[in-house]
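# A look at the structure
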Amino acid sequence: MPQTITLTLSPQQAASPEVYVAEAARRVGISKDRVALARIVKRSVDARKAPVKVNLTLELYIDSEAPAPEEHFDYPDVSGHEEVIIVGGGPAGLFCALRLIELGYRPVVLERGKEVSARRRDVAVINRNGILDPDSNYAFGEGGAGTFSDGKLFTRSKKRGDYNKALRTLVFHGADPAILYEAHPHIGTDRLPGIMTAIRHTIEGCGGEVRFGSRVEGLLMRDGAVCGVECSGERIAARNVVLATGHSADDIYLMLYRQGVALQAKAFAMGVRVEHPQALIDEIQYHGAGREYLPAASYTLTAQVGGRGVYSFCMCPGGVIVPAMTDPSESVVNGMSSSARNSRWANSGIVTEIRLSDFEHLREEWGELAGLKFRLELERAAKQAGGDAQIAPAQRLTDFVSGRVSYDLPQASYVPGTVPSVFGEWMPTFMYEALREGFGVFGRRMHGFMTREAQVLGVESRTSSPVRIPRDPETLMHVSVRGLYPAGEGAGYAGGIISAALDGERIAEAIARNK
Ligand SMILES: Cc1cc2nc3c(=O)[nH]c(=O)nc-3n(C[C@H](O)[C@H](O)[C@H](O)COP(=O)(O)OP(=O)(O)OC[C@H]3O[C@@H](n4cnc5c(N)ncnc54)[C@H](O)[C@@H]3O)c2cc1C
């Protein structure tokens, strides 16, 4: 049995295996030569007060004890087995496909976008020329919104076993094993595309299929059950259809609405993305001690403003802001970073709750799609404020809070460019006021956060789905269409890469159970 020990070290000590192994051996009372292997099982940075410390939990294998073998993923050949159609090749769709293979089904993934390398070129064109392909962009294509995402791996799910399996699945497909022990695991946008492609290769290698350029435009239904899909002019039959299309696929919600498939409006969150110099965030969070041996610093902020929550969302240390819209009429920003998190900027979504009552005025005309319409109106207003070519409206943080125009803007990481805009003139008043006051609270809590060097860009609108595609809690099928399985973020059952992946797995298990 390995011996487990937790050390509290300086960042420099924690960066040197020679130093921490010697310290661990000293603490358990053996010579360091007897340590055959020291495996990190948890690492976290404690920056609550100066000096910053690193907590390192190690498993020590003494003398020649061998570590337990790593789990091996054995995906069987499912050629000729019953097919399940999965619409959408994001984390929910891909993890659903992997789990279906384990359970003996043949997944057929229909993905409207392109494979990673072609998609990479389309993403470059958005940044360079502002020209957007509605089927191939930061949200659509191989790996879904998860591919060019930041790759922070978190979940609020209590089922840690599943969470650990999801992490091991990512490692099996090429992620750095450090995600298994970091307190805040992160992959980075440079590594995610390779991992998503490796998952596709596993699916194809087992006899499954991933079809690109395959946009689903209708469900085939008979007697209250789904019997296939209409996809790019083709009719494809199947008894089970998983709908894992993400929360950016407005056309899917409209299609379901037109076909009379029940939907439910839900509360969600929207706001802006704020960007600071990373050096400033390091200075604040690491108490001015410098960042040698430490990762780019992050923050988490929350406030209650008049009973409404305002909070930081998807903070990206050492990252960049990217254009994440799916239609040329919209302006949508999001954030990502590479595995090294080494840009000069720190950005984060700062969002506020959008309640059902906030878009009640749209209910009569838009029914359960009222939240979607509300989101679209904000994204279009931001686009108009920004002008052509996906230029984002921006305002210095201090001007945003005091309602003044910014006559100049700091340099931003956002490649398409920024233009000064007064957000209070086009953003719904309740949102603007909540964000303004929320920023005020954050500035008082995090000394240095409220600075002219920071700016806000608009809009951060794709945090969670404004619509739920309701499912039966037992069978996980849609409440009124047999054989239809809404999955992941677009169905309103997940938020983030890992929770979407776990939801995809759950759906695969439900399909096997319901057979
Ligand atoms: C820039 C950015 C950074 C992010 N950073 C993080 C992060 O650090 N950590 C985190 O946990 N999450 C992050 N996210 C969010 C995360 O990517 C999503 O939560 C996750 O990808 C949702 O997975 P999903 O499979 O449910 O949907 P998606 O990933 O949205 O996948 C849906 C797929 O369905 C396809 N599709 C849509 N309509 C159709 C159709 N009609 N026919 C066929 N295919 C269709 C789309 O092309 C897409 O590939 C980020 C997102 C972005 C955009």
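Analysis parameters
- Residues numbered from 1 in each chain as written.
- Predicted model: local features only at pLDDT ≥ 70, side-chain atom pairs only at ≥ 80, totals over all residues.
- Heavy atoms only, no water.
- Helix = DSSP H or I, 4+ residues; strand = E, 2+ residues; numbered from the N terminus.
- Rg over C-alpha atoms; globule rule 2.2 N^0.38 Å.
- Buried < 20%, exposed > 50% of the residue type's maximum accessible area, 1.4 Å probe, protein only.
- Contact = heavy atoms within 4.5 Å.
- Areas by Shrake-Rupley, 256 points an atom, 1.4 Å probe, with all protein chains shown as cover.
- Lys, Arg positive; Asp, Glu negative; His and termini not counted.
- Charge placed at Lys NZ, Arg CZ, Asp CG, Glu CD.
- Near = heavy atom within 4 Å.
- Polar contact = N/O pair within 3.5 Å; in protein donor to acceptor, adjacent residues only side chain to side chain.
- Nonpolar A, V, L, I, M, F, W, Y, C, P; charged D, E, K, R; others polar.
- Domains from an automatic or database assignment.
- Pairing = 2+ DSSP bridges.
- Buried area = accessible area lost by both parts, 1.4 Å probe.
- Salt bridge = Lys/Arg side-chain N within 4 Å of Asp/Glu carboxyl O.
- Expected span 1.5 Å × (residues − 1).

### Side note on the overall build of the chain
Tallying secondary structure elements over the chain gives 13 helices and 22 strands in all. For 515 residues, the compact-globule estimate of 2.2 N^0.38 gives 24 Å, and the C-alpha radius of gyration of the chain, at 24 Å, lies within 12% of that figure. With respect to the principal axes defined by its C-alpha atoms, the chain has extents near 75 × 65 × 40 Å. Across the 515 residues in the chain, those meeting the buried criterion constitute 57%. Within the chain, contacts between residues separated by at least 24 positions form 71% of all contacts whose residues are at least 6 apart in sequence. A total of about 21300 Å² of accessible surface is found on the chain, and carbon and sulfur atoms cover 50% of it. Within the chain, the 61 negative side-chain charges are centred at a point lying 3 Å from the centre of the 58 positive side-chain charges.

### Remarks on the site of the ligand
The full set close to the ligand counts 38 residues, and Glu 111, Ala 145, Lys 152, Glu 489 and Ile 497 are the nearest of them. Here Val 216 contributes a backbone N or O atom positioned 2.9 Å from a nitrogen atom of the ligand. At 2.7 Å from an oxygen atom of the ligand is found a main-chain nitrogen or oxygen belonging to Ile 497. Tallied by class, the residues present in the shell around the ligand amount to 17 nonpolar, 15 polar and six charged. Counting only domains with at least three residues in the shell around the ligand, you end up with domain 2 (83–263 + 469–513) and domain 3 (265–460).

### Considerations on the side chain of Glu 142
Its location among the elements puts Glu 142 in the loop between helix H4 (116–129) and helix H5 (160–172). Reaching out from Glu 142, the side chain makes a polar contact with the backbone nitrogen of Val 116 at a distance of 2.8 Å. Beyond its immediate chain neighbours, meaning those up to four positions away, Glu 142 contacts Gly 89, Glu 111, Lys 114, Glu 115, Val 116, Arg 119, Thr 147, Met 196, Thr 197, Arg 200 and Phe 212.

### Some remarks on the pairing of strand E18 (residues 392–396)
Where burial is concerned, most of E18 is hidden: five out of the five residues are buried. Pairing between E18 and strand E19 (residues 418–420): three bridges, direction parallel. The residue bridging Ala 394 from the neighbouring strand is Pro 420, located in E19. Pairing of E18 with strand E20 (residues 455–460), which is carried by three bridges, proceeds in the antiparallel orientation.

### Section: the domain arrangement of the chain
Taken as a whole, the chain is organised into domain 1 (3–62), domain 2 (83–263 + 469–513) and domain 3 (265–460). Taking the mean C-alpha position of each, domain 1 and domain 2 sit 39 Å from one another. Counting residues at the interface gives five residues for domain 1, matched by four residues for domain 2. Of the roughly 410 Å² buried between domain 1 and domain 2, counting both surfaces, carbon and sulfur atoms make up 49%. Applying the counting rule to domain 1 against domain 2 returns one salt bridge.

### A closer look at helix H10 (residues 370–386)
Between its first and last C-alpha atoms H10 spans 24 Å; for 17 residues at 1.5 Å apiece the expected length is 24 Å, and the two agree. For H10, the buried fraction is high: 13 of the 17 residues fall into the buried class. Positive backbone phi, at 90°, marks Gly 387, one or two positions downstream of H10.

### Description of the pattern of salt bridges
Side chains that differ in sign of charge can pair as their charged atoms come close. Under the definition given, this model contains 39 salt bridges. The residue Arg 200 makes a salt bridge to Glu 204 at a minimum N-O spacing of 3.9 Å. Of this pair, Arg 200 and Glu 204 both sit in helix H6 (residues 192–205), separated by four residues, roughly a single helical turn. When its relative accessible area of 33% is taken as the criterion, Glu 204 is described as partly exposed. Where Arg 273 meets Glu 460, a salt bridge forms, and the shortest distance between an N and an O atom there is 2.7 Å.

### Here we look at the environment of Ala 238
With respect to the secondary-structure elements, Ala 238 resides in the loop between strand E9 (234–237) and strand E10 (241–243). Considered as a pair, Ala 238 and Arg 445 are 207 residues apart in the sequence and their alpha carbons are 55 Å apart. Excluding residues within four positions of it along the chain, Ala 238 makes contact with Ile 85, Val 226, Cys 227 and Gly 228.

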